[in-house]
Amino acid sequence: MQDGQGSLDFSALQSSLFFETPEEIYARVFRILKPRTPVPGLRIEFCRFANPDSFIRLENGQLHVRISDLLQGAPAPVTEALAFILLGKLYRKTVPRIYAHRYRLYLNRRDFRRQAHLVRQVRGRKFVSGPEGKLHNLEEIFDRLNRTYFDGLLGRPQLGWSRQASRSMLGHFDPSHNAIIISRIFDNPDTPPLALEYVMFHEMLHLRYPVDHSGARRRVHTREFREEEKKFPGWKEAKEILKKL
Ligand SMILES: [Zn+2]
């Protein structure tokens with residue numbers, strides 16, 4: 001499959017995709033990416049992760065790959081795509097974008113997403129502190145915004161404060177646990193309440209507008225979402241405050 005010059009030949013792969021074990025697939029991809037290096041020992045393990053994550057590391061000359069068991073039954077071309085992604089990352093090799101695309105396409109499939117969602121619900125532990133902060137009560141804020149902007153129609157999810165006063169994750173909606181988590185940075189007399197309300201409003205829009213999955217794309221903030229977001233009076237001012245946090 002290599003032409004002897006050490007250049008990569010990706011075209012002749014299709015026929016060899018069938019009836020390979022994951023170990024054989026990884027060995028083959030390794031030979032394509034590193035034609036001059038003997039294939040190291042390979043250990044592939046499917047693990048009960050809460051998310052469809054995968055990891056690779058080289059230890060004592062052995063490659064150890066840990067793949068989410070959600071991908072255990074994936075078609076061989078998807079396993080191959082992931083092998084290119086992981087080995088490419090480990091050895092800093094540029095691999096054709098088709099592999100990342102193929103992998104994302106699979107993760108975006110409705111049946112896969114549904115399975116991943118169920119697994120997250122069962123396996124993922126979730127810390128939800130409860131709505132009461134030192135200064136603010138998230139339930140009160142949620143209910144007030146719900147009445148004002150959503151005709152009171154949104155079902156109240158679990159509400160909680162993050163453990164850390166994070167600046168990078170100001171708020172997030174977790175659909176698997178139906179929870180809105182707000183950064184503790186807002187439970188502070190120095191942070192204007194407007195910013196907290198705006199972040200809560202944003203997360204409530206995630207409740208209202210589900211993520212748009214089409215093809216390999218995953219659009220969290222749709223155009224509709226962005227339009228709706230501007231209905232919050234003071235959103236410009238709030239964004240300014242957030243920038244300065
Ligand atoms: Zn968002």
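For the structure, see preceding data.
Summary of the structure given here.

About the thresholds
- Residues numbered from 1 in each chain as written.
- Predicted model: local features only at pLDDT ≥ 70, side-chain atom pairs only at ≥ 80, totals over all residues.
- Heavy atoms only, no water.
- Salt bridge = Lys/Arg side-chain N within 4 Å of Asp/Glu carboxyl O.
- Buried < 20%, exposed > 50% of the residue type's maximum accessible area, 1.4 Å probe, protein only.
- Helix = DSSP H or I, 4+ residues; strand = E, 2+ residues; numbered from the N terminus.
- Contact = heavy atoms within 4.5 Å.

Notes on the pattern of salt bridges
On inspection of all chains with the given rule, the structure shows 14 salt bridges. A salt bridge links Arg-28 to Glu-20; its shortest N-O distance comes to 2.7 Å. Summarising the burial analysis for this pair, Arg-28 and Glu-20 share the class buried. A salt bridge links Glu-229 to Arg-226; the nearest nitrogen and oxygen atoms lie 2.8 Å apart. A residue pair is termed a helical-turn pair when its members lie 3 or 4 positions apart in one helix, as Glu-229 and Arg-226 do in helix H7 (residues 223-229) at three residues. On the basis of relative accessibility, which here comes to 3%, the residue Glu-229 falls in the buried class. Bridged by salt links that share partners, the residues Glu-20, Arg-28, Glu-80 and Arg-102 form one connected network.

Observations concerning unusual backbone geometry
Trans is the prevailing form of peptide bonds, just as negative phi is the prevailing case for residues other than glycine. Backbone geometry places Asp-151, a non-glycine residue, at a positive phi of 55°. As for its placement among the helices and strands, Asp-151 is situated in the loop between helix H5 (138-149) and strand S4 (158-161). Residue classification places Asp-151 among the exposed positions, given a relative accessible area of 65%. With a phi angle near 45°, Asn-178 is a residue other than glycine that sits in the positive phi range. Note on placement: Asn-178 falls in the loop between strand S5 (171-174) and strand S6 (179-182).

Details of the environment of Val-119
Structurally, the position occupied by Val-119 is in helix H4 (residues 110-123). Here the alpha-carbon distance between Val-119 and Asn-51, two residues 68 residues apart in the chain, equals 7.6 Å. When sequence neighbours within four positions are dropped, the list of residues in contact with Val-119 reads Phe-49, Ala-50, Leu-70 and Gly-124.

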